Amino acid sequence: MNLQPTTSNLPPQLKVCGLTKPDQIQELIAMNTDFLGFIFYEKSPRCVLNHLSLEEISTIDHQGKVGVFVNEEADIIVKIVQHADLNFVQLHGDESNDFIAELRQKLNPEVGIIKVIRIGNKAAENKINITQAFNFQPTTCNSQPITYYLFDTDSKAFGGTGKQFDWNILNEFEIPLPYFLSGGISEDSICDVKTLKQQPFALDINSKFETEPGSKNIERIKKFKTQF
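Think of each chain on its own: its residues are numbered from 1, step by step along the sequence as written. In keeping with the model being predicted, local features are shown solely for residues with a pLDDT of at least 70 and side-chain atom pairs are shown and tallied solely at 80 or more, while totals for entire chains, interfaces and linings include all residues. By convention in this description, side-chain values take in all heavy atoms of the structure and omit both hydrogens and water.

Peer 1: Would you take a moment to explain the environment of Ala 101 for this structure?
Peer 2: Assignment of secondary structure puts Ala 101 in helix H4 (residues 97-106). Once the C-alpha coordinates of Ala 101 and Thr 20 are considered, the two residues, 81 residues apart in sequence, prove to be 30 Å apart. Segments assigned H or I by DSSP are reported as helices when at least four residues long, segments assigned E as strands when at least two residues long, and all are numbered from the N terminus.

Here it is as structure tokens:
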């Protein structure tokens, strides 16, 4: 799997998460959206299985289909990945390093893992969580099991808050893998993104570009995409 270096001068790629509508998915594919995010967390108002079956998701012709999971069992994740023909697994809960290593062993090697690091309001706690994530050296895998990191605003709902965390904390670390930046990203965020020492591999947008949960404002996304 080809990874973009964290120091790349290329513009960030784009992930649109919380997709539920086939017509909108096809519009996003037509405009060359890099990653399509499908939420499999049943408590989310954007849970894709309330709208599409695994078979329907499997027929979507795209190489960047991301399944978002929150504290789900490894075997269930693997089953969903296989039946929905997903390309990436996004772990958005409190999954331990041991769990990630176990999941990596069970998944097809071609399926990437995106590990979310949620950033809250407590600076010291955030720094500890980031350091622990970066120091993860599994003994059960031959290589790093994580493909990308994703930084998002912490919340009890595990994302979709539309709120931005303090991005300055990212400048305090050398981020060892390419990363997605999430959490309340909108047109007003582009200038702030450019101040980051290590530029994100991709921007992850969701609730700021919705008319209601799971329904995207495609025209607004098109305009946003032209800004970077």
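Peer 1: Quick question: what am I supposed to make of the environment of Lys 216 here?
Peer 2: Positionally, Lys 216 belongs in strand E10 (residues 215-216). Here the term buried applies to any residue with accessible area under 20% of the maximum for its type, exposed to any over 50%, and partly exposed to those in between, with areas from a 1.4 Å probe on protein chains only. Residue class for Lys 216 comes out buried when judged on its relative accessible area of 4%. Each C-alpha atom of the pair Lys 216 and Leu 28 lies 9.8 Å from the other, and the pair is 188 residues apart in sequence. Here, residues are in contact when the closest pair of their heavy atoms is within 4.5 Å. Other than its neighbours up to four places away in sequence, Lys 216 contacts Val 16, Cys 17, Gly 18, Leu 19, Gln 24, Asn 206, Phe 209, Glu 210 and Ile 221. Polar contacts, as used here, are pairs of N or O atoms within 3.5 Å; protein pairs need one atom able to donate a hydrogen and one able to accept it. Residues neighboring in sequence count only if both atoms are side-chain atoms. Side-chain polar atoms of Lys 216 contact the backbone oxygen of Cys 17, separated by 2.7 Å.

Peer 1: Sorry if this is basic, but what is going on with the pairing of strand E5 (residues 112-119) here?
Peer 2: In the case of a regular strand, side chains alternate between the two sheet surfaces. Taking burial as the measure, the eight residues of E5 include eight buried ones, the bulk of the element. In E5, alternate side chains face the same way, and those of Gly 112, Ile 114, Val 116 and Arg 118 on one face and Ile 113, Lys 115, Ile 117 and Ile 119 on the other are all buried. Two strands pair when backbone bridges link them, and strand E4 (residues 88-91) and E5 are joined in this way by four bridges, in the parallel orientation. Across the sheet, residue Val 89 finds its bridge partner in E5, namely Ile 113. In this scheme, strands are said to pair when DSSP sees at least two bridges between them.

Peer 1: Honestly, the pairing of strand E2 (residues 35-39) in this entry has me stumped. Any pointers?
Peer 2: The buried fraction of E2 is high, at five of five residues. Taking every second residue as pointing to the same face, both faces of E2 are buried, with Phe 35, Gly 37 and Ile 39 on one and Leu 36 and Phe 38 on the other. With two bridges connecting them, strand E1 (residues 13-16) and E2 associate as parallel partners. If you follow Val 16 over to E2, its bridge partner there is Leu 36. Orient the strands so they point away from the viewer, and a crossover whose first-strand-to-second-strand path over the helix runs clockwise is right-handed. Handedness of the β-α-β unit built from E1, helix H1 (residues 22-30) and E2 comes out right-handed.

Peer 1: Explain the pattern of salt bridges here, please?
Peer 2: Proximity of charged atoms lets side chains of opposite charge pair with each other. We define a salt bridge as a contact between a side-chain nitrogen of Lys or Arg and a carboxyl oxygen of Asp or Glu at a distance within 4 Å. Across all of its chains, the model carries eleven salt bridges by this definition. We note a salt bridge from Lys 127 to Glu 172, for which the minimum N-O separation is 3.1 Å. With Lys 127 in helix H5 (residues 123-134) and Glu 172 in the loop between strand E6 (148-153) and strand E7 (179-181), this pair connects stretches of sequence that are 45 residues apart. The exposure class assigned to Glu 172 is partly exposed, which follows from its relative accessible area of 48%.

Peer 1: What is the right way to look at the environment of Asp 85 in this model?
Peer 2: Along the chain, the position of Asp 85 falls in the loop between helix H3 (74-84) and E4. Placed 112 residues apart in sequence, Asp 85 and Lys 197 show a C-alpha to C-alpha distance of 35 Å. Not counting chain neighbours up to four residues away, the residues in contact with Asp 85 comprise Ser 58, Lys 65 and Ile 80.

Peer 1: How should I be thinking about the nonpolar core in this particular structure?
Peer 2: In a soluble, globular protein the nonpolar side chains are often hidden away together inside. What is meant by a nonpolar core is a set of buried Ala, Val, Leu, Ile, Met, Phe, Trp, Tyr and Cys residues, joined one to another through side-chain atoms within 4.5 Å. Leu 103, Phe 151 and Leu 181 are the most contacted members of the largest nonpolar core, which has 59 residues in total. Top element by residues in this core is H3. It accounts for six residues. Excluding residues within four positions of it along the chain, Phe 151 makes contact with Ile 117, Ile 119, Ile 130, Phe 134, Phe 165, Leu 170, Ile 175, Tyr 179, Phe 180, Leu 181 and Ser 182.

Peer 1: How do you make sense of H1 when you look at a structure like this?
Peer 2: Since the α-helix turns once every 3.6 residues, residues separated by three or four places project in the same direction. Within the sequence span of H1, burial applies to Gln 24, Ile 25, Leu 28 and Ile 29. All buried residues of H1 project into a common sector of 140 degrees when viewed along the axis, lining one side. Packed against the buried residues of H1 are E1, E2, E10 and helix H7 (218-225). Once H1 ends, the next one or two residues include Asn 32, with phi positive near 60 degrees. Here the arc refers to the directions that run from the helix axis out to each C-beta atom.

Peer 1: Please clarify how unusual backbone geometry should be interpreted in this entry.
Peer 2: Most peptide bonds take the trans configuration, and most residues that are not glycine carry a negative phi. A positive phi angle, near 50 degrees, is found at Asn 71, a position not held by glycine. Relative to the helices and strands, Asn 71 resides in the loop between strand E3 (65-69) and H3. Note on Asn 71: relative accessible area 41%, which makes it partly exposed. Even without being glycine, Asp 85 reaches a positive phi, approximately 55 degrees.

Peer 1: So what exactly am I meant to see when it comes to the layout of surface pockets here?
Peer 2: With a probe scaled to a water molecule rolled over the atoms, the places where space remains empty come into view. Taken as a whole, the largest pocket encloses approximately 450 Å³ of empty space. Each cavity reported here is a set of points on a 1 Å grid over the protein atoms alone in which a 1.4 Å probe fits but cannot get out, each pocket an open set with protein on both sides within 12 Å along at least five of seven lines, and each lining residue one with an atom within 4 Å of a point. Around the largest pocket, the lining comprises 21 residues; the ones closest to its centre are Asp 94, Val 116, Ile 117, Arg 118 and Asn 129. Breaking the lining of the largest pocket down by element, the ones donating at least two residues are H4, E5 and H5. For the lining of the largest pocket, the leading source of residues is H5, giving five residues. Charged residues are taken to be Asp, Glu, Lys and Arg, nonpolar residues to be Ala, Val, Leu, Ile, Met, Phe, Trp, Tyr, Cys and Pro, and polar residues to be all remaining types, Gly included. Its residues assigned to classes, the lining of the largest pocket shows six nonpolar, eight polar and seven charged. Grid points are joined across faces, edges and corners, and a volume is the space filled by probe spheres set on the points.

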